[in-house]
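Residues per chain are reported as follows:
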Amino acid sequence: SGSKKSTAQPPMIDLKDPLSATPTVFEGFHRKSNEGQSSKKIENSPKPEHQANKKNKQNKKPKQEKVTLEEALKQLTTTELSEIVTDGRAKFGSEPMIWLRQVAGCLQQHFNLVEEGEDLLFEKKTSGFPLLTVDQKFQQFLRNTLSGLKPEIRQVFFSHCVSQLLAQLRKGLQVYGWRLLVQALSRLQPDLVISNLDSISPLVRLCANQPRHCLPLLWCLEHVSVYSVASQNLTVWGHIYLPVLCDRNVATKV
């Protein structure tokens with residue numbers, strides 16, 4: 001007789017609650033990497049347009065209105081220039097060109113809102129323009145400041161003003177401050193052109209075919225000759241004006 005077969009059922013595996021897989025080190029690293037990238041995207045996301053526009057509006061400075069040359073001349077004061085001269089003499093007593101350049105720069109800046117006009121020789125202005133139209137106190141300040149310099153320093157400063165005037169003209173900038181200084185120096189020491197002929201003559205010939213550069217320069221030299229003696233006038237004429245007479249654009253104004 002054979003043995004009886006067992007009727008017991010095999011154990012059943014419950015699939016309703018399967019074991020969850022243990023996360024590996026790689027999966028944890030991958031998850032952190034993805035989280036970092038998503039946070040970077042949030043940080044680097046473009047700012048709202050209205051915020052950018054708000055900042056642009058804050059950075060924009062209001063445009064300053066242009067003024068006429070006459071208005072700018074009336075607004076000239078000695079306050080800032082006096083401080084520059086006083087401080088400059090105290091700090092650079094043996095090097096006056098340092099603070100003289102500062103004076104010139106401040107004066108030039110005052111006319112930044114004035115555009116260079118078409119009347120390059122001030123033919124439509126009164127005699128002595130622009131120097132004689134500014135406040136008397138300002139005229140006296142310039143006269144006292146320049147007369148306090150040694151003649152050789154005035155000569156160097158005059159040459160500096162003329163060269164800077166031409167350099168600014170080449171850049172298309174206004175030169176009213178330089179012209180004012182040259183005019184003031186000319187009245188004080190008329191022989192300045194004679195002393196600087198070797199440096200000025202080449203400058204004039206260099207820009208002879210450019211009226212907008214040459215005419216303001218000739219205007220400055222003309223003011224020197226106004227206050228010079230006849231013999232000095234002839235010297236200036238022969239070295240400065242005669243060489244440019246061959247250019248029609250300039251010759252008609254000389």
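Since the structure is predicted, the reported quantities are computational estimates derived from the model, not experimental observations.

**So, the confidence of the model for the protein**
Link 1 in the chain: For the protein, per-residue confidence averages 79 on the pLDDT scale, and residues scoring 70 or more make up 71% of the total.
Link 2 in the chain: Across residues 1–6, where pLDDT falls below 50, the model places zero contacts with residues more than four positions away in sequence or in other chains.
Link 3 in the chain: Segment residues 17–21: pLDDT under 50, and zero contacts once partners within four positions in sequence are set aside and those in other chains are kept.

**Concerning the side chain of Ser201**
Link 1 in the chain: Take Ser201: it is sitting in helix H10 (residues 197–206).
Link 2 in the chain: Since its relative accessible area comes to 7%, Ser201 is described here as buried.
Link 3 in the chain: At a separation of 2.9 Å, a polar atom in the side chain of Ser201 contacts the main-chain carbonyl oxygen of Leu197.
Link 4 in the chain: If near-sequence neighbours (up to four positions away) are discounted, Ser201 is found in contact with His239 and Ile240.

**Structural notes on unusual backbone geometry**
Link 1 in the chain: Look at the link from Phe129 to Pro130: it is a cis peptide, with omega at 5°.
Link 2 in the chain: Mapped onto the elements of the fold, Pro130 is located in the loop between helix H5 (96–110) and helix H6 (136–147).
Link 3 in the chain: Phi angles above zero are rare outside glycine, and Phe122 is one such case at about 55°.
Link 4 in the chain: With respect to the helices and strands, Phe122 occurs in the loop between H5 and H6.

**Concerning the packing of helix H7 (residues 151–170) against H10**
Link 1 in the chain: Closest axis-to-axis distance for the H7/H10 pair is 11 Å, and the angle between their directions is 15°. The angle between the axes of H7 and H10 places the two elements in the roughly parallel class. Crossing hand, H7 versus H10: left-handed. In this structure, H7 uses Phe158, Ser159, Val162, Ser163, Leu166 and Arg170 to contact H10, whose residues at the interface are Ser199, Ile200, Leu203 and Leu206.
Link 2 in the chain: Partitioned by chemical class, the residues of the contact of H7 with H10 number six nonpolar, three polar and one charged.

**A few points about H10**
Link 1 in the chain: Of the residues making up H10, those classed as buried are Leu197, Ile200, Ser201 and Val204. Angular distribution of buried residues about the axis of H10 spans 105°; they occupy a single face of the element. Away from the buried face of H10 by more than 90 degrees, exposed residues Asp198 and Leu206 are located.

**Overview of the side chain of Gln174**
Link 1 in the chain: Within the secondary structure, Gln174 is located in the loop between H7 and helix H8 (176–188).
Link 2 in the chain: Of note is the side chain of Gln174, whose polar atom sits 3.3 Å from the side chain of Asn112.
Link 3 in the chain: One polar contact links the side chain of Gln174 to the main-chain amide nitrogen of Tyr176, over a distance of 3.0 Å.

**Looking at the layout of surface pockets**
Link 1 in the chain: For the second largest pocket, the calculated volume is near 180 Å³.
Link 2 in the chain: Forming the boundary of the second largest pocket are Arg89, Gly93, Ser94, Glu95, Pro96, Met97, Trp99, Gly148, Leu149, Lys150 and Ile153.
Link 3 in the chain: Its residues placed into classes, the lining of the second largest pocket shows five nonpolar, three polar and three charged.

**Some thoughts on the nonpolar core**
Link 1 in the chain: In this structure, Phe111, Phe157, Phe158, Val204, Leu218 and Ile240 are the most contacted members of the largest nonpolar core, which totals 62 residues.
Link 2 in the chain: No other element matches H7, which puts eight residues into this core.
Link 3 in the chain: Ignoring anything within four residues of it in the chain, the contact list for Val204 reads Cys214, Leu217, Leu218, Leu221, Ile240 and Val244.

**Topic: the packing of aromatic side chains**
Link 1 in the chain: Counted by the stated rule, this structure contains six aromatic pairs.
Link 2 in the chain: Above the plane of the ring of Phe129 lies Lys125, whose end atom (NZ or CZ) is 5.4 Å from the centre.
Link 3 in the chain: Lying over the aromatic face of Trp219, Arg179 brings its terminal NZ or CZ to 4.5 Å of the ring centre.

**Regarding helix H4 (residues 79–91)**
Link 1 in the chain: With 13 residues, H4 ought to run about 18 Å at 1.5 Å a step, and its terminal C-alpha atoms sit 19 Å apart, in line with that.
Link 2 in the chain: Three or more residues of H4 are buried, namely Leu81, Ile84, Val85 and Gly88. One face of H4 carries all of its buried residues, which in axial projection span an arc of 95°. Opposite the buried face of H4, by more than 90 degrees, sit the exposed residues Thr79, Thr86, Ala90 and Lys91.
Link 3 in the chain: Where H4 is buried, its residues touch H5 and H6.

Reading the values: the criteria
- Residues numbered from 1 in each chain as written.
- Predicted model: local features only at pLDDT ≥ 70, side-chain atom pairs only at ≥ 80, totals over all residues.
- Heavy atoms only, no water.
- pLDDT = per-residue confidence, 0-100.
- Contact = heavy atoms within 4.5 Å.
- Helix = DSSP H or I, 4+ residues; strand = E, 2+ residues; numbered from the N terminus.
- Buried < 20%, exposed > 50% of the residue type's maximum accessible area, 1.4 Å probe, protein only.
- Polar contact = N/O pair within 3.5 Å; in protein donor to acceptor, adjacent residues only side chain to side chain.
- Axes fitted to C-alpha atoms, helices over the stretch in contact; angles between N-to-C directions.
- Parallel < 35°, antiparallel > 145°, perpendicular 65-115°, else oblique.
- Left-handed = near helix turned anticlockwise from the far one by under 90°.
- Nonpolar A, V, L, I, M, F, W, Y, C, P; charged D, E, K, R; others polar.
- Arc of directions from axis to C-beta.
- 1 Å grid on protein atoms, 1.4 Å probe; cavity = no way out; pocket = protein on both sides within 12 Å on 5 of 7 lines; lining within 4 Å.
- Points joined across faces, edges and corners; volume = space filled by probe spheres on them.
- Core = buried A, V, L, I, M, F, W, Y, C linked by side-chain atoms within 4.5 Å.
- Phe/Tyr/Trp six-rings, centres within 6.5 Å; stacked < 30°, edge-to-face > 60°.
- Lys NZ or Arg CZ within 6 Å of the ring centre and 35° of its normal.
- Expected span 1.5 Å × (residues − 1).

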